[in-house]
Amino acid sequence: MNAVRRQDGELWMEGVRLTEVAERFGSPCYVYSRAAIESAWRAFDDALAGTEHLICYAVKANSNLAVLGILARLGSGFDIVSGGELARVLAAGGRPERVIFSGVGKGEEEIRAALAAGIRCFNVESEPELERLDAVAGGLGRRAPVSLRVNPDVDARTHPYISTGLKGNKFGIAHDRALAAYDLAASLPNLDVTGIDCHIGSQILDMAPLEEALERVLELAGALAVRGIPIRHVDLGGGLGIRYREEEEALDIGRWCRAVAARIAGTGFSLVLEPGRAIVGNAGALLSRVEYLKLDKGKRFAIVDASMSELIRPALYEAWHGIEPLATLDRPAADYDVVGPVCESADVLGTGRRLAIAPGDGIAILSAGAYGMVMSSNYNSRPRPAEVMVDGARSVQVRPRETVAALYAGERTLDQAAT
Ligand SMILES: *Cc1c(COP(=O)(O)O)cnc(C)c1O
């Protein structure tokens, strides 16, 4: 479900007009729908009602405390990739026993914090990480629950930058080394081997590679049981794709969950999933305003006040986001490249978009709830935008726009540092 709809010529999110959000909180600004986040999470939870499961929202997709708090209240688990994300989850009221810790480069401090908090599982990505985890746990007099992220070597058929399940990728333990890595894990005194996990990529729209990965993981789980290393849970990661444009078909969450549930029924495994984008992607939009319309060698540019600093996905992944005026107004329509003010040719939000707009008009960049604000930067000394949560007829600012002064508050010239 896309959280934004047009009604009487205006874009709305739940019971709020987006023009009103832009007027109240300024432009550019991120806006999210509580109802859309909750309904996306429930689509997973409902489809898995008959299966022992934990939905661990991938915090990196959108880590605003309001988003985490909404999910914590639903009873969600969380998939984190850093100590910073752990702190956010705890600050938002998430329960540590529902947290799993992914990522290839966990630092000692991060491991210590996660052990102290009592998280559910470490998703380990290499043999040296197993050894470090064992040593740190031993030092604290604790046992660390571990799952090994195996690389099932299947092609997720997505953009190469967000494909993670192929051989030669930095993520996971190669399929043919997995059993040996499990032997090592089982031999280390301060580790409890509890599960197996994989994550083959992001924005996957085709169920076939996910099914292939599931089969390979179940095969390994079977081999582990034979080896005397029984595991309790299977974690299939995230990566479920959403619809960014009309002609795309989103992965059917209910169908995928029911297929997995049917496949693992009778195995005795509980199921963990780590969706990020599928929970928040279509629940958010980036609001912006047209600054100038520029004609150059027959090409039309709409220069807007949002940029790759706020939303880098088009520049980084050639990602496509819908762009629509906040209000349908009487303007001549033309094809525009929608670009930001940042000094990079890559600073493009969309190309060849038919839009009826004039300077000063508000626009919405759609499906920007995932990997939007979290990947934003201050490049060109641009303050990060405000974030707003819509909840029914209310809109609540859940993070204020940064001030320019805050951008350099900790910096000193050499002269200032000397005094
Ligand atoms: C990024 C990531 C996810 C979430 O991916 P989505 O495509 O947003 O669902 C889940 N698990 C791991 C290990 C990840 O790196």
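Residues numbered from 1 in each chain as written. Predicted model: local features only at pLDDT ≥ 70, side-chain atom pairs only at ≥ 80, totals over all residues. Heavy atoms only, no water.

**Q** An account of the sheet that holds strand S1 (residues 4–7) is needed here, citing residue identities and associated values.
**A** Sheet architecture is open: 3 strands sit in the order S1-S2-S3, paired in antiparallel fashion. With one partner strand each, in any of the chains shown, S1 and strand S3 (16–17) form the two edges of the open sheet. Bridge count for S1 against strand S2 (residues 10–13) is 4 bridges, and the pairing is antiparallel. Each residue of the ladder has a partner; that of Arg6, found in S2, is Leu11. (Pairing = 2+ DSSP bridges. Helix = DSSP H or I, 4+ residues; strand = E, 2+ residues; numbered from the N terminus.)

**Q** Talk me through the nonpolar core; I want residue IDs and the actual numbers.
**A** Most often, soluble globular proteins keep nonpolar side chains buried together rather than apart. With 121 residues, the main nonpolar core has Ile37, Tyr57, Phe122 and Leu287 as its most contacted residues. The dominant element in this core, judged by the number of residues it contributes, is helix H8 (residues 207–226), at 9 residues. Built from parts of two domains, this core gets at least three residues from each of domain 1 (4–31 + 281–407) and domain 2 (103–273). For Phe122, the contacting residues outside a window of four places in its chain are Phe101, Lys106, Ile111, Ala114, Leu115, Leu133, Ala144, Pro145, Val146 and Ser147. Counting 5 residues, the second largest nonpolar core, distinct from the first, contains Cys56, Ile100, Cys121 and Val272. (Core = buried A, V, L, I, M, F, W, Y, C linked by side-chain atoms within 4.5 Å. Buried < 20%, exposed > 50% of the residue type's maximum accessible area, 1.4 Å probe, protein only. Domains from an automatic or database assignment. Contact = heavy atoms within 4.5 Å.)

**Q** An account of the pattern of salt bridges is requested, with residue identities and associated values reported.
**A** When the charged atoms of two side chains lie near each other, side chains of opposite charge can form a pair. Throughout the structure, instances matching the rule amount to 21 salt bridges. The shortest N-O distance in the salt bridge between Lys299 and Asp337 comes to 3.1 Å. Here Lys299, found in strand S15 (residues 299–304), pairs with Asp337, found in strand S17 (residues 333–339); they are 38 residues apart in sequence, far enough to count as distant. Residues participating in the shared-partner salt-bridge network are Arg34, Glu38, Asp391 and Arg394. (Salt bridge = Lys/Arg side-chain N within 4 Å of Asp/Glu carboxyl O.)

**Q** Please give an account of the layout of surface pockets that cites residues and values.
**A** Of the voids in this model, the second largest pocket is the one considered here, and its volume is about 620 Å³. As for the second largest pocket, its lining consists of 32 residues, and the residues nearest its centre are Lys60, Thr164, Phe171, His199 and Tyr371. Of the residues belonging to the lining of the second largest pocket, the class tally is 12 nonpolar, 12 polar and 8 charged. Counting residues domain by domain, the lining of the second largest pocket receives three or more from each of domain 1 (4–31 + 281–407) and domain 2 (103–273). (1 Å grid on protein atoms, 1.4 Å probe; cavity = no way out; pocket = protein on both sides within 12 Å on 5 of 7 lines; lining within 4 Å. Points joined across faces, edges and corners; volume = space filled by probe spheres on them. Nonpolar A, V, L, I, M, F, W, Y, C, P; charged D, E, K, R; others polar.)

**Q** Kindly report on empty space enclosed by the protein, identifying the contributing residues and their values.
**A** All told, the structure shown has 2 cavities of 30 Å³ or more when counted by the stated rule. Reported here for the largest cavity is a volume of approximately 40 Å³. Cys198, Ile200, Leu210, Ala213, Leu214, Leu236 and Trp256 together form the lining of the largest cavity. Within the lining of the largest cavity, the residues separate by chemical class into 7 nonpolar, no polar and no charged.

**Q** Would you mind going over helix H7 (residues 178–187) in detail, with residue names and values included?
**A** Taken together, the buried positions of H7 are occupied by Ala178, Ala181, Tyr182 and Ala185. Angular distribution of buried residues about the axis of H7 spans 100°; they occupy a single face of the element. Facing away from the buried side of H7 by more than 90 degrees, the exposed set consists of Ala180 and Ser187. Buried residues belonging to H7 abut helix H6 (127–140), strand S9 (144–151), strand S10 (173–174), strand S11 (191–197) and H8. (Arc of directions from axis to C-beta.)

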